[in-house]
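A closer look at the structure
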Amino acid sequence: GIDRTTAARMKAACYLLNLLHYAAGAAALAMLLRRRTGTSLGEAASAVFVIVVLDMGCVIGLGVLSAAALPEVGGLLQGGLLGLLLLGVVGGFVFLRTQRALGPLESIRGLEVLRAARAIPAGGLAELVGLRILFVASYVGLSAALFRAFDVEIGLVPLAMKVAILLVISALPIAAAGLGTAQLAFVTLFAGSTSDAELLSMSILLSLGLTVARALLGLVFSRELVREVLALQSSMRAASTRSSRDDSRRR
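Residues numbered from 1 in each chain as written. Predicted model: local features only at pLDDT ≥ 70, side-chain atom pairs only at ≥ 80, totals over all residues. Heavy atoms only, no water.

**So, the overall build of the protein chain**
Heads up, the condition is: The helix and strand labels rest on DSSP assignments: H or I over at least four residues marks a helix, E over at least two residues marks a strand, and numbering proceeds from the N terminus. We call a residue buried when its accessible area falls under 20% of the maximum for its residue type, exposed when it is over 50%, and partly exposed in between, using a 1.4 Å probe and counting protein chains only. The contact rule is simple, with two residues in contact once any of their heavy atoms fall within 4.5 Å. For the accessible areas, the method is Shrake-Rupley and the probe is 1.4 Å, while residue cover comes only from the protein chains on display.
Secondary structure summary: the protein chain contains 12 helices and zero strands in total. For the protein chain, the sequential pattern of α-helices and β-strands runs α-α-α-α-α-α-α-α-α-α-α-α. Expressed as a percentage of the 251 residues in the protein chain, the buried residues total 29%. Within the protein chain, contacts between residues separated by at least 24 positions form 60% of all contacts whose residues are at least 6 apart in sequence. Surface summary for the protein chain: the accessible area is close to 14700 Å², and the carbon and sulfur share equals 69%.

**Remarks on a nonpolar patch on the surface**
Inclusion rule: Surface patches are drawn from residues lacking salt bridges whose relative accessible area is over 30%; two like charges belong together within 9 Å, two nonpolar side chains (Val, Leu, Ile, Met, Phe, Trp, Tyr) within 5 Å. By convention in these notes, a salt bridge is any Lys or Arg side-chain nitrogen within 4 Å of a carboxyl oxygen on Asp or Glu.
A contiguous nonpolar surface patch, about 440 Å² in accessible area, is contributed by Phe49, Val53, Leu105, Ile108, Leu111 and Val113. Note that Leu111 resides in the loop between α6 (106–109) and α7 (115–119).

**A closer look at the environment of Lys162**
With respect to the element layout, Lys162 can be found in helix α9 (residues 156–171). For the pair Lys162 and Phe190, spaced 28 residues apart in the sequence, the C-alpha separation amounts to 7.7 Å. The residues touching Lys162, leaving out its near neighbours within four places in the chain, are Leu189 and Phe190.

**With respect to the pattern of salt bridges**
Using the criterion set out here, one finds three salt bridges in the structure. With its nearest N and O atoms 3.1 Å apart, the salt bridge here joins Arg4 to Glu127. Highlighted residues: Arg4 in helix α1 (residues 4–13) and Glu127 in helix α8 (residues 122–149), separated in sequence by 123 residues. By relative accessible area, which is 64% here, Arg4 ends up exposed. What makes Glu127 partly exposed here is its relative accessible area of 36%. One salt bridge connects Arg132 with Asp55, and the closest N-O pair in it is separated by 2.7 Å. Of the two residues, Arg132 sits in helix α8 while Asp55 sits in helix α4 (residues 41–69), which places them 77 residues apart along the sequence.

**Quick word on empty space enclosed by the protein**
So the rule is basically this: Two kinds of site are reported from a 1 Å grid over the protein atoms alone, namely cavities, where a 1.4 Å probe fits but cannot get out, and pockets, open sets with protein on both sides within 12 Å along at least five of seven lines, and residues are called lining when an atom falls within 4 Å of a point. Grid points are joined across faces, edges and corners, and a volume is the space filled by probe spheres set on the points. In the scheme used here, Gly and all other residues not listed as nonpolar or charged are polar, with Ala, Val, Leu, Ile, Met, Phe, Trp, Tyr, Cys and Pro taken as nonpolar and Asp, Glu, Lys and Arg as charged.
In the structure shown here, the tally under the stated rule is one cavity of 30 Å³ or more. Roughly 50 Å³ of volume is contained in the largest cavity. Lining the largest cavity are Lys11, Asn18, Tyr22, Gly25, Ala26, Leu29, Val48, Ile51 and Val52. Of all the secondary structure elements, the ones that give two or more residues to the lining of the largest cavity are α3 (22–37) and α4. Looking at the lining of the largest cavity residue by residue, the classes come out as six nonpolar, two polar and one charged.

**Details of the layout of surface pockets**
For the largest pocket, the calculated volume is near 1200 Å³. Lining the largest pocket are 31 residues, with Ile2, Ala7, Ala47, Ile51 and Leu128 positioned closest to its centre. Elements with a minimum of two residues in the lining of the largest pocket: α1, α3, α4, α7 and α8. With seven residues, the top contributor of residues to the lining of the largest pocket is α4. Its residues placed into classes, the lining of the largest pocket shows 19 nonpolar, five polar and seven charged. Of the pockets and cavities examined, the second largest pocket occupies roughly 960 Å³. What lines the second largest pocket is a set of 37 residues, and nearest its centre among them are Tyr22, Tyr139, Leu167, Ala171 and Arg214.

Spelled out as structure tokens, the structure:
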């Protein structure tokens, strides 16, 4: 029910809360979507849930594919990793989108939060998967540029696998925007590539650049979020006033 430009502005505004945590940004996006479309909170959350699942899937897929491409991983294990990834992706969407009755599992598939994943057309789903793959790949490209700027050599495949692990660790609800945990994980994952001091400098620069970019993007489009928060407060005050008047009349 909204055009792509409006959707992009809403997503950009939510980067302010993404600075606190990924889940906070996702919750804000669901709230904005509900307010703009007039849909239920469950249906709005289901649309955001698709994005979250695709993000998780792409990050895990990046890690699995990278691990499978490493020469030290045996051929049988490589095939097993790729097979499990394919089985998980295909099996999950077959489970959600099949027309067959699934007995006791039907109650799980019928959850409102999974509605968008069930209803989205195959073409739209393929487009979303492609966009999220590019989104995750941009982190690999950014990290490669960081290592190049510091004249530190590293292979693309091990870099991709370690970036995938880093993204997962940064999303853990341990610290705001993953700060602190991300630096420790960066130094640990890339230990041996260069000195720990230089790795720490690289990690701080990467985190600082991402934080500033997200903050600026969120501030530019912050009125998308602020307007809806003010409107919500206004409606809550109006409801409270009506409730007080009704109480006075009854008394």
